[in-house]
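Understanding the architecture of this molecule
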2 protein chains.
Amino acid sequence: MKLATYKDGSRDGQLVVVSRDLETAHYATGIASKLQQVLDDWSFISPQLQDLYQSLNQGKARHAFTFDPAMCMAPLPRAYQWADGSAYINHVELVRLARHSEMPANYYTEPLMYQGGSDDFLGPLQDAPFPDAAFGIDFEAELAVVTGDVPMRSSPEQALDGIRLVMLANDWSLRNLISDELAKSFGFFQSKPATAFSPVAITLDELGEAWDKGRASITVQSTWNGRKVGMCDAGKEMTFHFGQLIAHICKTRNVRAGSIVGSGTISNRAIEKDGKKEWVNGYSCIAEKRAIETILDGKPATAYMQFGDSIRIEAKGKDGHSLFGAIEQKVMAQA
Amino acid sequence: MKLATYKDGSRDGQLVVVSRDLETAHYATGIASKLQQVLDDWSFISPQLQDLYQSLNQGKARHAFTFDPAMCMAPLPRAYQWADGSAYINHVELVRLARHSEMPANYYTEPLMYQGGSDDFLGPLQDAPFPDAAFGIDFEAELAVVTGDVPMRSSPEQALDGIRLVMLANDWSLRNLISDELAKSFGFFQSKPATAFSPVAITLDELGEAWDKGRASITVQSTWNGRKVGMCDAGKEMTFHFGQLIAHICKTRNVRAGSIVGSGTISNRAIEKDGKKEWVNGYSCIAEKRAIETILDGKPATAYMQFGDSIRIEAKGKDGHSLFGAIEQKVMAQA
């Protein structure tokens, strides 16, 4: 099923069930008012939502209305956890190669992950406000899952059972703040402002065969100022699958219902063509494009985003329908 | 006023108002059921709680009962943000001196801060479970504040107005996981398991003159296995006050109601006595004790905590009464 959160003036919005084709929606009133409630009590509440979803898809839901992504907050407008991995090792390799820094051996055996702020997410069509374009504004197209309860010491396989929903994320990053911040050794902080999520979060069955043991073989499109710059396959080159990412958190603590876990920038390897490398699938963040330029030409040519720039992130199923709806944001100056 | 969250089998517990002397309590039923609700709508709800608090202190509340810290969850059993600073630069200096690493200049001008997990806090009297004592189990006695909404780009002075409550924190740390983790450059993650908080969170007026522009001049006692090891003054040596810590987060994002911001390990400088340094106030985490031992004797002598060890953290007001109640936890093995 597909779930979204409609604006209603409150901090957590109002839960709606959305039809498979994203054409119609229905308030989940009488079942649950907020998505977090559903995650807190999944086995009891989700079957009731599933029934409503079925009626909606069959055109039989009584108070259905036209679904409007502009009414959407993030599916979880705020969450108790946002932990973001860097699961596509190709991205990390490119960035490191560009700055001539070796890959630490453990990068191949355990995932990189940072704890993100989760008190103030951006809606899918909400402008992204930043104090200064000189901070190096960059989008990052990612997949993210929402979990149920996953106990401490769960294995990656056990953790897979804890996945409830999948959505798209735009993990906004301020590149020019990162190096100073990482030099302080405490990790990302100011360099990771509020993250945005897709209009709709979906259950795993909606992905059909594209979902395979923690990886989703779907193409995530990134369109920057109207130009399609990324068409990256999220599946086969995901070095650490979502079960591994969740289990990484579980090593020393419980993961509780409503935790959001991100894949990191989706990234695909180059193909060899006439002895040359070609990144035919493009990129899911500007930092990767700049790394490639640096590797090829000694310096980056593509600038980061400016105020007024737009980014659209979307994934389509095999039938050509949008799976999660699109994230579509403009970069703006924060007064 | 003083607020706590009683266990009721739910994830967020039940809000209670606690008397100033921590002797009696009263359910906030009819006003608010959860602390997060109060923080979401502080100016409307908090005066009602304040009225109840006054009746309770005067012995006039009808359904008052004996307050039992064993019934307490963390005041916020889960939160939308837990951002922990390292505001006592003396602690950072000692740790760096022990490993002969220089203090970066910006450590004196902007706070160190990491984003912590906030989906699964420990109650004040809850055992702290860890998979392995070899991880280097350590307590950290800290102060923490809970905020209202503080907009992006707020100044430290503006941020001070956003502080709603103060409490104690035990920021459990797994020291032997830290160096590998920081070497990966993404910051703390597995080395920071679930944090515990004091039974009671209090408003700033409860601190009286001890609260001065973002610093609380109170003594925080740490008692390890029945031995008092720390009697640290939380006030005057706090290099960055809470307004500065909150403003650090606000540089690139909004801070939303219910965010918890920690001070980092409370730490006091040595005094000079007969040409020798003496750390008369003791320590608020074992890592600092080991750093001092290393500076004096070339190597640490005090081991980290073992399964079965206990830690008690408490702060008393000038009248000798406990301000927040005590955190009192046992270290246990997680199966």
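If you're wondering where the values come from, they're calculated on a predicted model, not measured in any experiment. (Residues numbered from 1 in each chain as written. Chains lettered and ligands numbered in written order. Predicted model: local features only at pLDDT ≥ 70, side-chain atom pairs only at ≥ 80, totals over all residues. Heavy atoms only, no water.)

With that out of the way, let us pick up the relation of the copies chain A and chain B. Of the transformation placing chain A onto chain B, the axial shift is 0.0 Å and the rotation is 180 degrees, giving an RMSD of 0.0 Å. Viewed as a symmetry operation, the transformation between the two copies matches a two-fold axis. Minimal C-alpha distance to the rotation axis in chain A is attained by Gly187(A), lying at 1.9 Å. Taken as a fraction of all interface residues of chain A, those also at the interface in chain B reach 100%, which identifies the copy contact as same-surface. (Least-squares fit on C-alpha atoms with pLDDT ≥ 70 in both. Contact = heavy atoms within 4.5 Å.)

Residue and element names in this part refer to chain A. Sheet architecture is open: five strands sit in the order β8-β23-β22-β17-β18, paired in mixed fashion. Unpaired on one side and paired on the other, β8 (128–130) and β18 (227–233) mark the two borders of the sheet. Shown here is a sheet whose adjacent strand axes are inclined to one another by a mean of 20 degrees, direction ignored. Where strand β17 (residues 219–224) meets β18, six bridges bridge the pair, whose relative direction is antiparallel. Bridging from a neighbouring strand, Trp 224 pairs with Arg 227 of β18. (Pairing = 2+ DSSP bridges. Helix = DSSP H or I, 4+ residues; strand = E, 2+ residues; numbered from the N terminus. Axes fitted to C-alpha atoms, helices over the stretch in contact; angles between N-to-C directions.)

A regular strand carries its side chains on alternate faces of the sheet. All names here are of chain A. Burial analysis of strand β2 (residues 14–18) places four of its five residues in the buried class, which makes it a mostly covered element. Alignment of strand β1 (residues 2–6) against β2, held across five bridges, turns out to be antiparallel. Paired with Lys 2 across the strands is Val 18, a residue of β2. The sheet contact formed by β2 and strand β3 (residues 24–27) spans three bridges and is antiparallel. Of the residues in β3, the one forming a bridge with Val 17 is His 26. Count of turn residues in the β2/β3 antiparallel hairpin: five residues, of which Leu 22 carries a positive phi of about 60 degrees. (Buried < 20%, exposed > 50% of the residue type's maximum accessible area, 1.4 Å probe, protein only.)

All names here are of chain A. Packing of helix α3 (residues 89–98) against helix α7 (residues 286–297) leaves a shortest axis separation of 8 Å and a crossing angle of 45 degrees. With respect to each other, α3 and α7 are oriented oblique. Both α3 and α7 take part in a crossing whose hand is left-handed. Counted together, Asn 90, His 91, Leu 94, Val 95, Leu 97 and Ala 98 of α3 and Glu 288, Ala 291, Ile 292, Thr 294 and Ile 295 of α7 form the full contact between these two elements. Along the lines of polarity and charge, the residues of the contact of α3 with α7 split into seven nonpolar, three polar and one charged. (Parallel < 35°, antiparallel > 145°, perpendicular 65-115°, else oblique. Left-handed = near helix turned anticlockwise from the far one by under 90°. Nonpolar A, V, L, I, M, F, W, Y, C, P; charged D, E, K, R; others polar.)

One pass over the structure, following the stated rule, counts 37 salt bridges over all chains. Residue Glu293(B) is joined to Lys289(B) by a salt bridge in which the shortest nitrogen-to-oxygen separation is 4.0 Å. Note that Glu293(B) and Lys289(B) are positioned in helix α7 (residues 286–297) at a spacing of four residues, about one turn of the helix. For Glu293(B), a relative accessible area of 8% corresponds to the buried category. Accessibility expressed as a relative area gives 28% for Lys289(B), which makes it partly exposed. Counted as one network, the salt bridges with shared partners bring together Arg11(A), Asp12(A), Lys34(A), Arg78(A), Asp120(A), Asp40(B), Asp149(B) and Arg256(B). (Salt bridge = Lys/Arg side-chain N within 4 Å of Asp/Glu carboxyl O.)

Glancing now at the sheet that holds strand β17 (residues 219–224) of chain B. Strand-to-strand pairing in sheets goes through backbone hydrogen bonds, with the strands running parallel or antiparallel. Residue and element names in this part refer to chain B. Here five strands make up an open sheet; going across it, the order is β8-β23-β22-β17-β18 and the pairing mixed. At either margin of the open sheet sits one strand with a lone partner, and together these are β8 (128–130) and β18 (227–233). Strand after strand, the sheet turns through a mean of 20 degrees between neighbouring axes, direction not considered. For β17 and strand β22 (residues 310–316), the ladder comprises six bridges, and the chain directions are antiparallel. Bridged to Gln 221 within β22 is Glu 314.

Enumeration according to the criterion identifies 23 aromatic pairs over all chains in this entry. Centre to centre, the rings of Phe188(A) and Phe186(B) are 4.8 Å apart; their planes meet at 75 degrees, and the pair counts as edge-to-face. Of this pair, Phe188(A) sits in the loop between α5 (175–183) and β13 (196–197) while Phe186(B) sits in the loop between α5 (175–183) and β13 (196–197), placing the two residues on different chains. The class of Phe188(A) is buried, set by a relative accessible area of 10%. When its relative accessible area of 15% is taken as the criterion, Phe186(B) is described as buried. In textbook terms, an aromatic cluster arises when at least three aromatic residues are bridged by ring pairs, as seen for Tyr6(A), Tyr27(A), Phe65(A) and Phe67(A). Its guanidinium or amino end placed over the ring of Tyr304(A), Arg290(A) lies 4.3 Å from that ring's centre, counting from NZ or CZ. (Phe/Tyr/Trp six-rings, centres within 6.5 Å; stacked < 30°, edge-to-face > 60°. Lys NZ or Arg CZ within 6 Å of the ring centre and 35° of its normal.)

Between chain A and chain B, the contact holds 55 residues from the first and 55 residues from the second. Carbon and sulfur atoms supply 52% of the area that chain A and chain B bury against each other, a total of about 5,400 Å² over both sides. Where chain A touches chain B, the interface holds ten salt bridges. With a shortest N-O distance of 3.1 Å, Arg256(A) and Asp120(B) are connected by a salt bridge. There are 33 residue pairs in polar contact (both at pLDDT 80 or more) connecting chain A and chain B. The set of elements that each furnish at least two residues to the side of chain A that touches chain B consists of α1 (35–40), β6 (81–85), β7 (113–116), α5 and α6 (242–250) of chain A. Top contributing element to the side of chain A that touches chain B by residue count: β7(A), with four residues. Of the residues that constitute the side of chain A that touches chain B, the class distribution is 24 nonpolar, 16 polar and 15 charged. (Buried area = accessible area lost by both parts, 1.4 Å probe. Polar contact = N/O pair within 3.5 Å; in protein donor to acceptor, adjacent residues only side chain to side chain.)

Once that is clear, we can look at the pairing of β17(A). Where burial is concerned, most of β17(A) is hidden: five out of the six residues are buried. Two successive antiparallel strands, β17(A) and β18(A), enclose a turn made up of two residues, where Asn225(A) displays a positive phi of approximately 50 degrees.

On to the side chain of His26(A), then. Residue and element names in this part refer to chain A. Summarising the element assignment, His 26 is placed in strand β3. The buried category is assigned to His 26, whose relative accessible area is 12%. Only 3.3 Å separates the side chain of His 26 from the backbone nitrogen of His 63, close enough to count as a polar contact. If we skip the residues at most four places from it in the chain, His 26 touches Val 16, Val 17, Leu 52, Leu 56, Ala 61, Arg 62, His 63, Ala 64 and Phe 65.

Glancing now at unusual backbone geometry. All names here are of chain A. In this structure, Leu 22 is a non-glycine residue whose phi angle is positive, near 60 degrees. With respect to the secondary-structure elements, Leu 22 resides in the loop between β2 and β3. Backbone geometry places Arg 153, a non-glycine residue, at a positive phi of 70 degrees. Locating Arg 153 in the fold gives a position in the loop between β10 (141–147) and α4 (156–160).

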